[in-house]
Amino acid sequence: NMALTKINNNTLSSAGIATGKVLQVVTATKIGAFTATNLGAGAIIDITGVAANITPSSTSSKILISYSVQGVSEAASRVVNFATTLKRGGSEITGAIAEAAGNRIRVANFISIRADANDQNVGASLYNTYLDSPSSTSQTTYQICLKNIQDTALTYHVNRTYGDANSTNYRPRGTSTITLMEIAG
């Protein structure tokens, strides 16, 4: 049985690796556009290409998830309601979303802005970081998802603006990313 030793404010794990050290990094970037049509109220849909797999080396490891998603909803009133949530192994991570509060929809993050009624150049960027404890050494998939926070079905777009005419003015395309870091526990 190996004794634990303190070095530079890190503690050696029983495997001899300092806790808090990054053991591996996995990343995925979605460079193309994604559309979810008629996403129902409160529904969740995986954003294709904004997912990554990681196999922790120890059950005590933590996984630091960082992600960014660019997108917009097609709300008729030009209210851009755009929200994300996070899944591990196909299930929403309840620790990564807001606490329950009445009938409010629980998400990891959101933006809600009103644009001019005729503005099709709108879009939003959402960023988030979450430290997960999967307690597993099996390959695990982390998936970023859209979640509809309106009471009606909507179409959502990722990596593009509401309007998508082929133009050099105000119609940018972006990227969305997810990065996973295994942290020694």
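In the block above lies the structure referred to throughout.
All values reported here derive from a predicted model rather than from experimental measurement.

S.K.: Would you take a moment to explain the side chain of glutamine 70 for this structure?
M.R.: Secondary-structure assignment places glutamine 70 in strand S6 (residues 62–73). Assessed through its relative accessible area of 14%, glutamine 70 is described here as buried. When residues no more than four places from it in sequence are discounted, the contact partners of glutamine 70 are Phe82, Ala124, Ser125, Tyr127, His157, Val158, Asn159, Thr175 and Ser176.

S.K.: Just to check I follow, could you spell out the nonpolar core for this structure?
M.R.: Proteins that are soluble and globular tend to have nonpolar side chains buried together. Leu146, Ile178 and Leu180 are the most contacted members of the largest nonpolar core, which totals 32 residues. Elements with a minimum of two residues in this core: strand S3 (22–30), strand S4 (34–39), strand S5 (44–54), S6, strand S7 (79–88), strand S11 (140–147), strand S12 (154–158) and strand S13 (176–183). No other element matches the five residues that S6 contributes to this core. Sequence-distant contacts of leucine 180, that is, excluding residues within four places in its chain, are made with Gln24, Val25, Val26, Ala52, Asn53, Ile54, Ile63, Leu64, Ile65 and Tyr142.

S.K.: Can you help me understand the packing of aromatic side chains in this one?
M.R.: Two measures describe an aromatic ring pair: the distance that separates the ring centres and the angle between the ring planes. Within this structure, the stated rule accounts for one aromatic pair. Relative to tyrosine 156, the ring of phenylalanine 82 has its centre 6.3 Å away and its plane inclined at 40°; by these criteria the two rings are tilted. Taken as a pair, phenylalanine 82 in strand S7 and tyrosine 156 in strand S12 lie far apart in primary sequence, 74 residues in all. Looking at tyrosine 156, the relative accessible area reads 1%, which means it is buried.

S.K.: Looking at this structure, how should I read the pattern of salt bridges?
M.R.: Side-chain pairs of opposite charge can arise where the charged atoms are in close proximity. Applying the stated criterion to the full structure yields four salt bridges. With its nearest N and O atoms 2.6 Å apart, the salt bridge here joins arginine 88 to aspartate 132. Placement of the pair is arginine 88 in strand S7 and aspartate 132 in strand S10 (residues 124–132), with a sequence separation of 44 residues. Look at arginine 88 and you get partly exposed, because its relative accessible area is 29%.

What counts, and at which threshold
Residues numbered from 1 in each chain as written. Predicted model: local features only at pLDDT ≥ 70, side-chain atom pairs only at ≥ 80, totals over all residues. Heavy atoms only, no water. Helix = DSSP H or I, 4+ residues; strand = E, 2+ residues; numbered from the N terminus. Buried < 20%, exposed > 50% of the residue type's maximum accessible area, 1.4 Å probe, protein only. Contact = heavy atoms within 4.5 Å. Core = buried A, V, L, I, M, F, W, Y, C linked by side-chain atoms within 4.5 Å. Phe/Tyr/Trp six-rings, centres within 6.5 Å; stacked < 30°, edge-to-face > 60°. Salt bridge = Lys/Arg side-chain N within 4 Å of Asp/Glu carboxyl O.

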